[in-house]
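Spelled out, the chains give:
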Amino acid sequence: GKFDPQLIRSYEDELRAVLGDKFNVLEKKCRELSEHPNLEQIDEIRVTDGKTIVCVTGTYRLRGGHDVSASHWFDADMNRLP
């Protein structure tokens, strides 16, 4: 899948405020997500309104050719949330 690191840079101040020293882990997690065979691209990286959770949204292509959007949630320590 496609991952443009510019997505992180465009929200760097907000993301650093939430993640602190875990900021560098965010790019690693995005690259791991982009390795999924059905991921077409990572569309958005944002901080929730509560400023405590990071959301990474991607577009996945299903077998029938349909695209679906899925969000991946991470806490401030970059642990994946259910």
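Report on the accompanying structure.

Cut-offs used in this document
Think of each chain on its own: its residues are numbered from 1, step by step along the sequence as written. Given that the model is predicted, a residue must reach a pLDDT of at least 70 before its local features are reported, and side-chain atom pairs must reach 80 or more before they are shown or counted; all residues, however, enter totals for whole chains, interfaces and linings. Note that the side-chain values use all heavy atoms of the structure and ignore hydrogens as well as water. The pairing criterion is simple: DSSP has to find at least two bridges between the two strands. Counting from the N terminus, the helices are DSSP H or I runs at least four residues long and the strands are E runs at least two residues long. Contacts are assigned to residue pairs with any non-hydrogen atoms lying within 4.5 Å of each other. Every axis corresponds to a line fitted to the C-alpha atoms, with the helix fit spanning only the stretch in contact, and the corresponding angles, defined between N-to-C directions, vary from 0 to 180 degrees.

## Details of the sheet that holds strand E3 (residues 67-74)
In space, the four strands of this open sheet follow the order E1-E2-E3-E4, with antiparallel pairing throughout. Either end of the sheet is taken by a strand with one partner, and the two such strands are strand E1 (39-47) and strand E4 (80-81). By the bridge criterion, seven bridges tie E1 to strand E2 (residues 54-61) in an arrangement that is antiparallel. Looking at E2, one finds that Gln 41 is bridged to Thr 59. Its contacts with the sheet place helix H2 (residues 12-19) against E1 and E2, and it is angled at close to 75 degrees to E1. Sheet strands touched by helix H3 (residues 23-34): E1, E2, E3 and E4. Its angle to E1, the strand with the most contacts, is close to 150 degrees.

## Regarding unusual backbone geometry
In this model, Lys 51 sits at a positive phi of 60 degrees, which is unusual for a non-glycine residue. In this fold, Lys 51 is placed in the loop between E1 and E2. Within the chain, Met 78 stands out as a residue other than glycine whose phi angle is a positive 65 degrees. Position of Met 78 among the secondary structure elements: in the loop between E3 and E4.

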